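Listed below, chain by chain, are the residues.
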Amino acid sequence: MLAALISFVAAARLQSTDVVALQKLSGAVPSPDETRLVYSTSQYDMKTNKKQSKIIVLNLQDRSTREIGKDCHDPFWITNGIVGALCSGQVWSAYLNLPIPIWTQVTKYPVSLSTAKFHIGSKLLAFSADVSLDGTMQSAAMIKKYQEQNPETGVVYDSLYVRHWDNYINPWVRHQLFVVKLAIGLRVTVEGEAINLLKGTDLETPVPPLGGSGDYNFNPDGQLVAFTARVPSKDQAWNTNQDIFIVPVTGDEEPISISEDNLGADTTPRFSPDGFHILWLQMRTPGYESDQNKIVYYNLATAKMLMTFVNDWDKSPSDAVFMNPDVVVLTVPDEGRTRLYTLHIADNQLTPLTNNGSFSSAVATQSTIYALADSVKRPSELFSINLEGEITQLTYTNEAALEDKELSDLEEFWFQSHDFKAHALVLKPVGYDETKTWPLAFLIHGGPEGFWGDSWSYRWNPQMWAAAGYFVVMVNPEGSTSYGQNYTRAILGNWGGAPYETLMTGLDQALAKYPQIDKKRICGAGASYGGYMINWINTQTDRFACLVSHDGMFNTVGSYYATEELYFPESEFLGTPWTSRQIYERWNPVNYAQQMKTPALIIHGEKDYRLPVTEGLGVFSALQRRGIPSKLLYFANENHWVLQPGNWIQWQREILEWMHQWTSE
């Protein structure tokens, strides 16, 4: 009896409540003397239905951790003994030499700060905040108050954007970058007035809607700031033109673009440690947000771009940081993983440092890289990596929470499809018995320029389906990133063509490799492009027992006119609906609604302005009108993603209940 109980406890299945209760770590910041790291964690409390955050200091010598504050995030070092962070929209600081650090408020501005970054040598704090058209935070606060009290609520627009991601644009407000000096004494205080470095321009940084503090950086002596910003124009909704700008911290000169010749997106500016050069990532195709990132190296003294690196490489880095003037650390999506590489500038040579798992939020000292890493079996923890590729785990924040959970191992296979080798990932069901047959969750990723990989997810986590007794198969079809730019571009103008065929071929391959999958109990599920593909599948085949479409496109033509970033459909469908109508109509699920047969669960969020809620309502209406069993799960307070933990629990429950209904023996 005892042995049976121990076996049961050891084989506990992962639940949605387990996932939302995990602690999420931020990237770490090394102290100036490189003896400690500071980072934040956030965790959802189901009793209060609120998210709680903590600031943690990690001692690199003995790996001990110390909690130094709560309800704050985005920490940074002010000195070796003082930490700053954003708390309730302002910068606060804490002295670490006290037995219990006491946090005191540093900034008291009339609007909330969205990001903050400190330069130790110059004692300058950079931060981003809303301003009015006169460039002041005070006027932005007054405008907000006036708009809240004004009985006239209409807003007049004369250009796009009207709304972006999940917010309507306030035409009277910008988001700009400030610097202010801090005085460090018995407490940290602001010294003088904050300087708006972008005043008098329409530039905004971090770039909305999803930019962060990585969009700007100080140079080594703290006298210049480099930042990325969209080039203001009436056509910003249908171009991707983002430039790298530099500006003195004195605020007496306007920002200067150093990448104006490029009409694509220039991002992630990084100064070299000697201050002579600046490096950034550059997409060169205008209007194409998934173009390959080239690595640009620019000489500040001569104001000339010296070179781009590894031009014959077909991968696309997502981040870059200097270790020293001659070595850059690259974060690279690479064949279903996100790996770290070093780039040696002198000889233009790449060296891989990591293999499995997914690395992110990398920072570097001259000898060590600190990064988050996760895998399909482990949420993110902090690791150190040296130049020899020696990887050391530094934190075990969620180990106790998952130690009794049975998680499935990741398997994979490759297969030929069209002109490419395609990649598929597989998880077997928890409690797998090869003498039995099992239902299959066939998951389709969004993007479409994204990929399934060896990573942990707080949204579409394949372990949830494995824990519920499903085989999980995830194919990365044409359009997926991490397999080279030719593979990524193969989806353009071809949304329901080659990718659909590759998905079906991958499914056939999985059924052949894993005969324990019951081909009569397959349910397909996907979000965004994955939701589009689910809608498309429902018009093309009846091989699935059920389908789940989350925030998916149903009408390619109609969604063009309702979305916000027009450059996306214009690149994906090779033009506008009036210049490329044939392509839009060829891959339009709405044109084949009469062919839908499969029961489907439709999910959509009201605040999804990327693919507005009418897309979900449209496919649900078609299913209902045709008499096909269907349900609609509607979230009034979610955008393109389901971010509220309570809603995510409901989301996962509704999906699994729907799949169980149609795949049970």
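Residues numbered from 1 in each chain as written. Predicted model: local features only at pLDDT ≥ 70, side-chain atom pairs only at ≥ 80, totals over all residues. Heavy atoms only, no water.

Participant: Can you break down a nonpolar patch on the surface residue by residue, with the values?
Facilitator: Residues Leu617, Leu632 and Tyr634 make up a contiguous nonpolar surface patch of roughly 240 Å² in combined accessible area. With respect to the secondary-structure elements, Leu632 resides in strand β39 (residues 630-635). Under the relative-accessibility criterion, Leu632 is labelled partly exposed at 30%. (Patch = residues over 30% accessible without salt bridge, like charges linked within 9 Å, V, L, I, M, F, W, Y side chains within 5 Å. Areas by Shrake-Rupley, 256 points an atom, 1.4 Å probe, with all protein chains shown as cover. Salt bridge = Lys/Arg side-chain N within 4 Å of Asp/Glu carboxyl O. Helix = DSSP H or I, 4+ residues; strand = E, 2+ residues; numbered from the N terminus. Buried < 20%, exposed > 50% of the residue type's maximum accessible area, 1.4 Å probe, protein only.)

Participant: Give me the layout of surface pockets: which residues, what numbers.
Facilitator: If you add up the space inside the second largest pocket, you get close to 2000 Å³. Forming the walls of the second largest pocket are 50 residues, and the residues nearest its centre are Ile169, Asn170, Pro171, Val173 and Arg174. Listing elements by their share of the lining of the second largest pocket, those giving two or more residues are β10 (113-119), α3 (137-149), β13 (167-168) and β14 (173-184). Residues of the lining of the second largest pocket, tallied by class, amount to 24 nonpolar, 15 polar and 11 charged. (1 Å grid on protein atoms, 1.4 Å probe; cavity = no way out; pocket = protein on both sides within 12 Å on 5 of 7 lines; lining within 4 Å. Points joined across faces, edges and corners; volume = space filled by probe spheres on them. Nonpolar A, V, L, I, M, F, W, Y, C, P; charged D, E, K, R; others polar.)

Participant: Can you tell me about the sheet that holds strand β17 (residues 224-230), naming the residues and giving the values?
Facilitator: Spatial ordering of the open sheet is given by β16-β17-β18-β19, a layout of four strands whose pairing is antiparallel. The open sheet has two edge strands, β16 (216-218) and β19 (256-257), and neither has a second partner. Here two bridges tie strand β18 (residues 242-248) to β19, and the two strands are oriented antiparallel to one another. Its bridge partner being in β19, Phe245 is matched across the sheet by Ser257. (Pairing = 2+ DSSP bridges.)

Participant: Report on the pairing of strand β33 (residues 420-427), specifying residues and quantitative values.
Facilitator: It is a general feature of regular strands that their side chains alternate between the two faces of the sheet. In terms of burial, β33 is largely enclosed, as six of its eight residues are buried. Following strand β32 (residues 410-417), the chain reverses through two residues before pairing antiparallel with β33; His418 in that reversal takes a positive phi of roughly 55 degrees.

Participant: Tell me about the sheet that holds strand β11 (residues 124-132), and name the residues and values.
Facilitator: If you trace the four strands from one edge of the open sheet to the other, you get β10-β11-β14-β15, paired in antiparallel fashion. The outermost strands of the open sheet, each flanked by one partner alone, are β10 and β15 (188-196). The mean inter-strand angle of the sheet, taken between neighbouring strand axes irrespective of direction, is 30 degrees. Along the sheet face, α3 touches β11, β14 and β15 and points at about 40 degrees away from the line of β11. (Axes fitted to C-alpha atoms, helices over the stretch in contact; angles between N-to-C directions. Contact = heavy atoms within 4.5 Å.)

Participant: Give me the lowdown on the pattern of salt bridges, citing residues and values where you can.
Facilitator: Enumeration according to the criterion identifies 17 salt bridges in this entry. Two residues, Glu564 and Arg610, come together in a salt bridge whose shortest N-O distance is 2.7 Å. Here the residue Glu564 occupies a position in the loop between α9 (556-562) and α10 (567-572), and Arg610 occupies one in the loop between β38 (600-605) and α12 (613-625), the gap between them amounting to 46 residues. Each of the two residues, Glu564 as well as Arg610, counts as buried. In this structure, Arg581 engages Glu585 in a salt bridge whose closest nitrogen and oxygen atoms are separated by 2.9 Å. Within this pair, Arg581 and its partner Glu585 are both found in helix α11 (residues 581-586), separated by four residues, close to a single helical turn. Using a relative accessible area of 41% as the deciding quantity, one classes Arg581 as partly exposed.

Participant: Now, about empty space enclosed by the protein: what can you tell me, with residues and values included?
Facilitator: One way to see where empty space is left: roll a probe the size of a water molecule over the atoms. Across all of its chains, the model carries one cavity of 30 Å³ or more by this definition. Reported here for the largest cavity is a volume of approximately 40 Å³. Lining the largest cavity are Gln292, Asn293, Lys294, Ile295, Phe309, Val310, Trp313, Lys315 and Pro317. Partitioned by chemical class, the residues of the lining of the largest cavity number five nonpolar, two polar and two charged.

Participant: Please provide a residue-by-residue account of the side chain of Ser549, values included.
Facilitator: Relative to the helices and strands, Ser549 resides in strand β37 (residues 546-550). By relative accessible area, which is 3% here, Ser549 ends up buried. A distance of 3.2 Å separates a polar side-chain atom of Ser549 from the backbone oxygen of Gly531. For Ser549, the side chain forms a polar contact with the side chain of Asn535, separated by 3.0 Å. (Polar contact = N/O pair within 3.5 Å; in protein donor to acceptor, adjacent residues only side chain to side chain.)

Participant: Can you break down the environment of Thr368 residue by residue, with the values?
Facilitator: Along the polypeptide, Thr368 turns up in strand β29 (residues 368-375). Residue class for Thr368 comes out buried when judged on its relative accessible area of 16%. Distance in space between the C-alpha atoms of Thr368 and Asn386 is 4.9 Å, their sequence separation being 18 residues. When residues no more than four places from it in sequence are discounted, the contact partners of Thr368 are Met323, Val363, Ser384 and Ile385. At a separation of 3.3 Å, a polar atom in the side chain of Thr368 contacts the side chain of Ser367.

Participant: How would you summarise the side chain of Ser259 if you had to cite specific residues and measurements?
Facilitator: Along the chain, Ser259 falls in the loop between β19 and β20 (266-271). Exposure remark for Ser259: the relative accessible area of 5% places this residue in the buried category. At 2.9 Å, the side chain of Ser259 and the backbone nitrogen of Ile244 are in polar contact.

Participant: Could you give an account of the pairing of strand β4 (residues 50-59), naming the residues involved and the relevant values?
Facilitator: The pairing of strand β3 (residues 36-45) with β4 spans 10 bridges and is classified as antiparallel. Paired with Arg36 across the two strands is Asn59, which belongs to β4. The antiparallel hairpin formed by β3 and β4 contains four residues in its connecting segment, where Asn49 sits at a positive phi of about 60 degrees. Relative to strand β5 (residues 65-70), β4 runs antiparallel, the two sharing five bridges. Note that in β5 the partner of Leu58 across the bridge is Thr65. Here β4 hands over to β5 after five residues, with Arg63 in that stretch at a positive phi of 65 degrees.

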